[in-house]
Amino acid sequence: MPATKTFEYKVIDTRGKQVKGKVEAQNDTAAIQALRSQGLVPLSVKEFGVGLQSEIKIPGLTGRIKLKDMAVFSRQFATMTTSGLSLLRALTILEEQCENVSLKKTIGEVRSDIEAGLSLSAAMSKHPKVFPPLMVAMIRAGETGGFLDNALERIATNFEKDAALRGKIKSAMTYPVIVLGFSFLMIAGVMIFIVPIFEKMFKQLGGNLPLPTQIIVNISHSMLWLAPILIGVAIGVSAWTKAMLRTSPPFRLAFDKFKLRIPVFGSLFTKIAISRFSRNLGTLLGVGVPVMQALDVVGDTTGNSVISEAMQEVKESVRQGRTMSEPLLNHPFFPPMVTQMIEVGEESGQISQMLDKVADFYDREVDQAAEALTAAIEPIMVLVMGGIVGSMVVCLYLPMFSIYQHIQGASS
C-alpha cells in the first residue's frame, strides 16, 4: 500500500469561513476527496514541505498573472459558487487568499464594481488584460441564461486544459533550449580562454597556422567585441519582432503562416492551434454564446492569425445562412477530420460536443508529438554538440601535425 503524505489545505467550512489545516492522504486527489466528504470546499491543497517555503520577490515579475494563476482562480471560484456561496462572498474569500498581488487587486476591484451594481461580466470586462474575452463572453452567456455555475465550471476546465497544454509545450522545448544554451557557453569559453593559450604556444613553436586553425584564432580575437554586438542585435530583433506582432496584422499573419511551415515544429504548432480553436469554440457554444459572437472571440483567443482569418470566412458563411464547415473545407490549415466532425456536429445539433471531441483528440496528438519531438531532438543535439566540439579539437590540433612534420624534416 502506498505511503501517505501530509498535505496543507485551505477550505471553506460549513459556516462559510476560510480554514487552514493539514490532512494525511496518498495523493492530492485523495486529500481533496477526503475534505469534500467532510462537507468542506477545498480552495488549495499542496504537499507539506515540498518546494520553497517563501518565494523570492522580484520587482516587475512577481505581480505578473500567469495562466496557472487564472486556472486556480477559476476553479476555486467555480467550486465556491457551485457550493452555494454568493458572488460577493466568494470574491471576498478569493481576494483574501490570493497570493498574486496583481490578481488580488483586480479581484478587489471586480468585487467593488459588483457591490456598486454592475454584473460580473461587466465588472470583469473592465480588466481585459486579466480576464480574456473568452471568459467574459461565457460569463455573460451564463448570466443571461441563468446557468452561471455551469459557465464557471467550463471556464475552469478550459483554463486547466490550456495550462496543461502549455506545460507540454514547455517540457518539449526545455531540453533543446538548455542544450543549446550550454553549447553556446562552452563554445564561447573555448574561444575566449582556450584558443589564446594554443595560439601563444603555436607562436613559440613557429610556423604558419593551417587555414581552419587561423579561422578559429581570428574568431577568438573578435569575440570580445563581436559577442556584445551579436547579443545586442538579437535583443533588438526580438524586440522589433514582438512590436510588429502587436501592431502589424499583415506581419503577424505572415509570421504565423511561417511558424506553421517550420520543419518538425510546424506540425506541433498546427496541432496546438487546432486544439485551442476547437476547445474555445466548443466551450463558447456549449454555454449558449451566439455563433457570431463565439466566432469573433475564438478568432482573437487562439493566438494564431491564420485561424483569425479563417473565422472571418466562417462568419461570412454563417451570415449568408450557410454552415460553418463549408468555408473550412477549402481552408488548407484545417485537416479533413476536423471539418468533417464539425459538419457532423452541425447536422446532428451537437456541434459543441463534436468540437470537444476534436480538442481531446488533438490534445493527445500534442502529447504524442511533444514526446516524439523530445526523443528525436536528444540524439540530434548530441550529434551537433559532438560535431562542434570535434571540429574545434581537430582545428586546434592541426598545427601539431605540421609542427611535427617540420621538426622531423629538420632532424633528417
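Structure first, text after, so check above.
Residues numbered from 1 in each chain as written. Predicted model: local features only at pLDDT ≥ 70, side-chain atom pairs only at ≥ 80, totals over all residues. Heavy atoms only, no water.

This part covers the overall build of the chain. Along its length, the chain carries 15 helices and three strands. Rg of the C-alpha trace for the chain: 29 Å, well past the compact-globule value of 22 Å for 412 residues, more than 25% over. Residues counted as buried form 37% of the 412 residues belonging to the chain. Of the contacts formed within the chain by residues at least 6 apart in sequence, a portion of 62% connects residues at least 24 apart. (Helix = DSSP H or I, 4+ residues; strand = E, 2+ residues; numbered from the N terminus. Rg over C-alpha atoms; globule rule 2.2 N^0.38 Å. Buried < 20%, exposed > 50% of the residue type's maximum accessible area, 1.4 Å probe, protein only. Contact = heavy atoms within 4.5 Å.)

What follows covers the packing of aromatic side chains. In total, this model carries seven aromatic pairs according to the counting rule given. Ring geometry for Phe73 versus Phe77: centroids 5.7 Å apart, planes at 35 degrees, classification tilted. Of this pair, Phe73 and Phe77 both sit in helix 2 (residues 67–82), four residues apart, which is roughly one turn of that helix. The burial state of Phe73 is the same as that of Phe77; both residues are buried. Arranged with centres 5.2 Å apart and planes meeting at 65 degrees, the rings of Phe277 and Phe334 form a pair that is edge-to-face. Here Phe277 is found in helix 10 (residues 265–286), whereas its partner Phe334 is found in the loop between helix 13 (325–329) and helix 14 (336–348), with 57 residues between them in sequence. Among the residues examined, Phe277 registers a relative accessible area of 1% and is labelled buried. Overall, the relative accessible area of 5% leaves Phe334 in the buried class. An aromatic cluster of at least three residues, connected via ring pairs, comprises Phe73, Phe77 and Phe131. (Phe/Tyr/Trp six-rings, centres within 6.5 Å; stacked < 30°, edge-to-face > 60°.)

In this section: the nonpolar core. Core analysis: the largest hydrophobic core is formed by 66 residues, its most contacted members being Phe73, Met124 and Met311. Setting aside residues no more than four positions away along its own chain, Met124 makes contact with Phe73, Phe77, Val110, Phe131, Met135, Val136 and Ile139. (Core = buried A, V, L, I, M, F, W, Y, C linked by side-chain atoms within 4.5 Å.)

A few words on the packing of helix 6 (residues 133–145) against helix 10. Between helix 6 and helix 10, whose axes approach to 9 Å, the crossing angle comes to 20 degrees. Our classification of the angle between helix 6 and helix 10 gives roughly parallel. The crossing of helix 6 and helix 10 is left-handed. Of the residues in helix 10, those in contact with Leu134, Ala137 and Met138 of helix 6 are Asn280, Thr283 and Leu284. Taken together, the residues of the contact of helix 6 with helix 10 break down into four nonpolar, two polar and no charged. (Axes fitted to C-alpha atoms, helices over the stretch in contact; angles between N-to-C directions. Parallel < 35°, antiparallel > 145°, perpendicular 65-115°, else oblique. Left-handed = near helix turned anticlockwise from the far one by under 90°. Nonpolar A, V, L, I, M, F, W, Y, C, P; charged D, E, K, R; others polar.)

So, about the environment of Gly108. Among the structural elements, Gly108 can be located in helix 4 (residues 101–115). Taking the C-alpha atoms as reference, Gly108 lies 6.1 Å from Glu95; in sequence the two are 13 residues apart.

In this fold, Val287 is placed in the loop between helix 10 and helix 11 (291–301). With 107 residues separating them in the primary sequence, Val287 and Leu180 have C-alpha atoms 45 Å apart. Each residue touching Val287, except ones within four places of it in the same chain, is listed here: Met138, Ala141, Phe147, Ala151 and Arg154.

Moving on, we come to the sheet that holds strand 2 (residues 18–25). In space, the three strands of this open sheet follow the order 2-1-3, with antiparallel pairing throughout. Bordering the open sheet on either side are strand 2 and strand 3 (41–47), each of which pairs with just one other strand. The mean angle between the axes of side-by-side strands here comes to 25 degrees, regardless of whether they run parallel or antiparallel. Note that strand 1 (residues 5–12) and strand 2 share eight bridges and pair antiparallel. Among the inter-strand pairings, Thr6 is bridged to a residue of strand 2, identified as Glu24. The strands touched by helix 1 (residues 28–37) within the sheet are strand 1, strand 2 and strand 3, with strand 3 carrying the most contacts at an inclination of about 150 degrees. (Pairing = 2+ DSSP bridges.)

Okay, a positive patch on the surface next. A contiguous patch of positive charge on the surface is contributed by Arg64, Lys66, Lys68, Arg166 and Lys170. Tracing the backbone through its elements, the reader meets Lys66 in the loop between strand 3 and helix 2. What makes Lys66 partly exposed here is its relative accessible area of 46%. (Patch = residues over 30% accessible without salt bridge, like charges linked within 9 Å, V, L, I, M, F, W, Y side chains within 5 Å. Areas by Shrake-Rupley, 256 points an atom, 1.4 Å probe, with all protein chains shown as cover. Salt bridge = Lys/Arg side-chain N within 4 Å of Asp/Glu carboxyl O. Lys, Arg positive; Asp, Glu negative; His and termini not counted. Charge placed at Lys NZ, Arg CZ, Asp CG, Glu CD.)

Scanning the model with the defined rule gives 16 salt bridges in all. When the shortest N-O distance is used, the salt bridge between Asp162 and Arg276 registers 3.3 Å. Taken together, the residues span a long stretch of sequence, with Asp162 in helix 7 (residues 148–205) and Arg276 in helix 10 at a distance of 114 residues. You'll find Asp162 and Arg276 in the same group, each marked buried. With a shortest N-O distance of 3.8 Å, Lys259 and Asp256 are connected by a salt bridge. Pair noted here: Lys259 and Asp256 are both in helix 9 (residues 249–261), with a separation of three residues, about one helical turn. Since its relative accessible area comes to 22%, Lys259 is described here as partly exposed.

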